[in-house]
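Listed here are the chains, written in short residue letters.
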Amino acid sequence: MKKLLFIFSFLFLSSLGYSQIGVRISPSISWTQVKILGLSNSEGSDFGTTIGVTYKAGITDRIAVQPVLGYGIVFTDGESVSALGLVADVKYYLADDLQGFNVYAGPVLGYSLEEASEEVNELGLGFSLGLGYDIDNIQVGLGLVWGISNAFNDMDGWEDLVSAKARSVGVSIAYLF
């Protein structure tokens with residue numbers, strides 16, 4: 001355990017020379033994938049945006065870890081729904097020096113800030129996947145978030161018959177200091 005802690009501490013401290021912090025905005029289109037008795041249907045397509053802070057830590061010349069903590073809001077049927085999100089992407093750069101085109105993927109954790117009934121999960125888990133381009137201190141990306149946790153909670157045996165999972169596609173723009 002001590003060796004593992006030492007290795008992670010070393011990797012974190014060695015990445016500080018290659019790290020940047022920044023701000024990020026990401027407009028997106030979101031929808032819900034609903035499955036009832038095995039039949040699938042996409043419900044709605046709502047506009048939203050996320051504003052947050054990001055931290056890019058270079059691990060090698062081509063690999064970086066970039067977590068994002070954001071506040072998101074989605075507008076649906078004249079109302080708004082807000083949530084906090086934490087994304088932990090690993091980026092692979094197609095050229096050296098952590099610049100240029102990259103692909104990224106990682107886990108997404110979302111927490112709804114809205115009051116919901118007992119049947120709705122406030123916490124959601126997903127997976128992000130995308131393409132990006134970094135030039136100097138500016139990052140642009142096109143990404144997909146694929147929810148993997150069921151939005152319904154404690155369905156008393158109905159979990160296998162009814163599910164709802166969040167999906168979104170968006171463009172992100174970040175400025176790193």
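Scroll up a little and you will see the structure.
Predicted model, so just to flag it, every value in this text is computed and none were measured.

> Looking at this model, I keep getting lost on the packing of aromatic side chains. Mind explaining?
Here the distance between the centres and the angle between the planes together describe a pair of aromatic rings. Here the structure, examined in full by the defined rule, presents two aromatic pairs. With centroids separated by 5.3 Å and ring planes inclined at 80°, the aromatic side chains of Tyr-175 and Phe-177 adopt a geometry described as edge-to-face. Looking at Phe-177, the relative accessible area reads 60%, which means it is exposed. The residue whose ring lies beneath Arg-167 is Trp-146, and the NZ or CZ to ring-centre distance is 3.7 Å.

> Could you clarify how one ought to interpret unusual backbone geometry in this entry?
In most cases, non-glycine residues show a negative phi, while peptide bonds are predominantly trans. A positive phi is found at Asp-77, a non-glycine position, where the angle reads about 50°. Mapped onto the secondary structure, Asp-77 falls in the loop between β3 (63-76) and β4 (79-93). Taking the relative accessible area as the measure of exposure, Asp-77 reaches 76% and is therefore exposed. Even without a glycine there, the phi angle at Leu-98 is positive, about 55°. Structurally, Leu-98 can be placed in the loop between β4 and β5 (100-112). Classification of Leu-98 by relative accessible area gives buried; the value is 8%.

> Would you mind going over the environment of Gly-85 with me for this structure?
By the secondary structure assignment, Gly-85 is in strand β4. Taking the C-alpha atoms as reference points, Gly-85 and Leu-123, 38 residues apart in sequence, are found 9.8 Å from one another. When neighbours within four sequence positions are excluded, Gly-85 is seen to be in contact with Val-68, Leu-69, Gly-70, Leu-109 and Gly-110.

> What is the right way to read the environment of Ile-148 from this model?
Tracing the backbone shows Ile-148 in the loop between β7 (138-147) and β8 (162-176). When residues no more than four places from it in sequence are discounted, the contact partners of Ile-148 are Leu-125, Gly-126 and Lys-165.

Conventions and cut-offs
Numbers given to residues run from 1 along each chain, matching the order in which its sequence is written. At least 70 in pLDDT is required for a residue's local features to be given in this predicted model, at least 80 for side-chain atom pairs to be given and counted, and no such filter applies to totals for whole chains, interfaces and linings, which use all residues. Only hydrogens and water are removed before side-chain values are computed, so all heavy atoms of the structure are retained for them. Centres within 6.5 Å make a pair out of two Phe, Tyr or Trp rings, where for Trp the six-membered ring is used; the pair is then stacked when the planes are under 30 degrees apart, edge-to-face when over 60, and tilted otherwise. When accessible area is computed with a 1.4 Å probe and restricted to protein chains, residues below 20% of their type maximum are described as buried, those above 50% as exposed, and intermediate ones as partly exposed. We call a charge positioned over a ring when the NZ of a Lys or the CZ of an Arg lies within 6 Å of the ring centre and within 35 degrees of the ring normal. Numbering goes from the N terminus for both helices and strands, where a helix is a DSSP run of H or I of at least four residues and a strand is a run of E of at least two. A contact between two residues is defined here by any heavy atoms of the two lying within 4.5 Å.

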